[in-house]
Amino acid sequence: MVDKPHRRVLMTTDSVGGVWTYSLELIRAMAPYNVHFYLATMGAAITLQQRQELAALTNVTVYESEYQLEWMDNPWTEVDLAGQWLLELNEQLNPDLIHLNNFCHGHLPWNKPVLMVIHSCVQTWWRAMKGENAPADRHYYYERVRDGLHAADLVIAPTEAMLQEAETVYGTFFQKQVINNGRDPHAFHFGRKEPFIFSMGRVWDEAKNIALLTQVADAVDWPIYIAGDAVHPATGDSKLFKNVHFLGKLSQREVADWLSRASLYVLPAKYEPFGLSILEAAFSGCALVLGKINSLKEIWGTSADYVDTDDVEGLTTLLQKLIEDEFLRNIMACRAVKKAQDYTTALMAQEYLQAYATLPNRVKAKAPNQVETL
């Protein structure tokens, strides 16, 4: 006889990007606590690899769609259709609570407690990347996101920096909490470290800022390997750089192998609300060189080296110093490994369990919105 789940959660997820990894990590970590998830997928069709990942989980039922999400171009018809679909799932499944990893469905008449997680958003991205509020044509996005956030019973962000920036844009949230993301340390391992620099991300992604790393490649002694797309999806453009090797999209097992051998992991990000790839590198014993931004400094403190996100000369000098000083490199790697233990899936699951437990008793009275006019 199968035990009745202690708690049943309807969770939305984005099948494109880091939200997918976060969702599966949390679901897996919740299995020992008898929490069952109804996972509603949006954004794109699930890939074969993603199906294999789902098949390994014992506490999830998947409901697939390809509805566009609010961060995509002209998504609103599909966002509203997705809302209808989600309400039908809610009626059919009758979960105990709603866990939203997107914004615009927060205001729906769920008649259930709603938890919403801020992984990233267009408005905070724009402020970080452009130094100004998003333009007028993004105002409808702003309104929909704001309304969704303020309808939620509890808003969660992976860092205090992300939470503060979101409140600056959308107004103060009635109930809020920081729960750091996590990864399973057993999915990564140490190998014999080799003399190369590693990074992950799309080279044309302004937020990840891997382009800065490519600019210093010719001035450092070690080769640079980058996992991720080197070809821009819109233009088809690709660039070749001396001393840079593009590996394309890798499987999780391939990523773990590369990280186990890499001595340095570099991500000079301009916008990164948490950074799962950095955590993976830390679990793998890499010394970390990161963009000097509030969220990453909050997470890693003195366990990483930082560089200004437009400082080519500074990055060159720092990388060459770490390349030449094995003792310093090993110290920083050890610090990263130790700090990474603060961000495991086990710890993340414990905090989400506690957050879930508060929701059924929460009174849905909302404080007046304190919203900045954009």
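Basis of the calculations
Residues numbered from 1 in each chain as written. Predicted model: local features only at pLDDT ≥ 70, side-chain atom pairs only at ≥ 80, totals over all residues. Heavy atoms only, no water. Axes fitted to C-alpha atoms, helices over the stretch in contact; angles between N-to-C directions. Helix = DSSP H or I, 4+ residues; strand = E, 2+ residues; numbered from the N terminus. Parallel < 35°, antiparallel > 145°, perpendicular 65-115°, else oblique. Left-handed = near helix turned anticlockwise from the far one by under 90°. Contact = heavy atoms within 4.5 Å. Nonpolar A, V, L, I, M, F, W, Y, C, P; charged D, E, K, R; others polar. Buried < 20%, exposed > 50% of the residue type's maximum accessible area, 1.4 Å probe, protein only. Arc of directions from axis to C-beta. Salt bridge = Lys/Arg side-chain N within 4 Å of Asp/Glu carboxyl O. Pairing = 2+ DSSP bridges.

Caption draft 1: Expanded view of the packing of helix α9 (residues 276–283) against helix α12 (residues 326–340). The interhelical angle for the contact between α9 and α12, taken along N-to-C directions, is 115 degrees, at an axis separation of 8 Å. Put simply, α9 runs roughly perpendicular to α12. Crossing handedness for the pair α9 and α12: left-handed. Of the residues in α12, those touching α9 at Leu279, Ala282 and Phe283 are Ala336, Val337 and Ala340. Here the contact of α9 with α12 is built from residues that sort into six nonpolar, no polar and no charged.

Caption draft 2: Here's a closer look at helix α6 (residues 160–170). Within the span of α6, buried status applies to Met162, Leu163, Ala166, Glu167, Val169 and Tyr170. Buried residues of α6 fall within an arc of 160 degrees about the axis and therefore sit on the same side. Each element contacted by the buried residues of α6 is listed here: α4 (122–130), α5 (139–151), β6 (154–157) and β7 (176–178). Positive phi shows up at Gly171, right after α6, with a value of about 95 degrees.

Caption draft 3: Just the pattern of salt bridges, in detail. By the definition in use, this model includes 16 salt bridges. A salt bridge links Glu194 to Arg261, with the shortest nitrogen-to-oxygen separation between them at 3.3 Å. Here Arg261 lies in helix α8 (residues 252–261) and Glu194 lies in strand β8 (residues 194–200), a separation of 67 residues in the sequence. The class of Glu194 is partly exposed, set by a relative accessible area of 31%. Here Lys292 makes a salt bridge to Asp308, at a shortest N to O gap of 3.6 Å.

Caption draft 4: Representation of the sheet that holds strand β12 (residues 287–291). Spatially, six strands are ordered β10-β9-β8-β11-β12-β13 in an open sheet, and the strand pairing comes out parallel. The open sheet has two edge strands, β10 (244–248) and β13 (305–307), and neither has a second partner. Strand-to-strand twist across the sheet, computed as the mean angle between neighbouring axes with direction ignored, equals 25 degrees. Where strand β9 (residues 224–227) meets β10, four bridges bridge the pair, whose relative direction is parallel. Residue pairing for β10: Tyr225 is matched across the bridge by His245. Lying over the sheet, α9 contacts β8, β11 (262–267) and β12, oriented at roughly 160 degrees with respect to β11. Here α12 sits on the sheet and contacts β11, β12 and β13; the angle it forms with β12, its principal contact strand, is near 80 degrees.

Keep in mind these values describe shape, not function.
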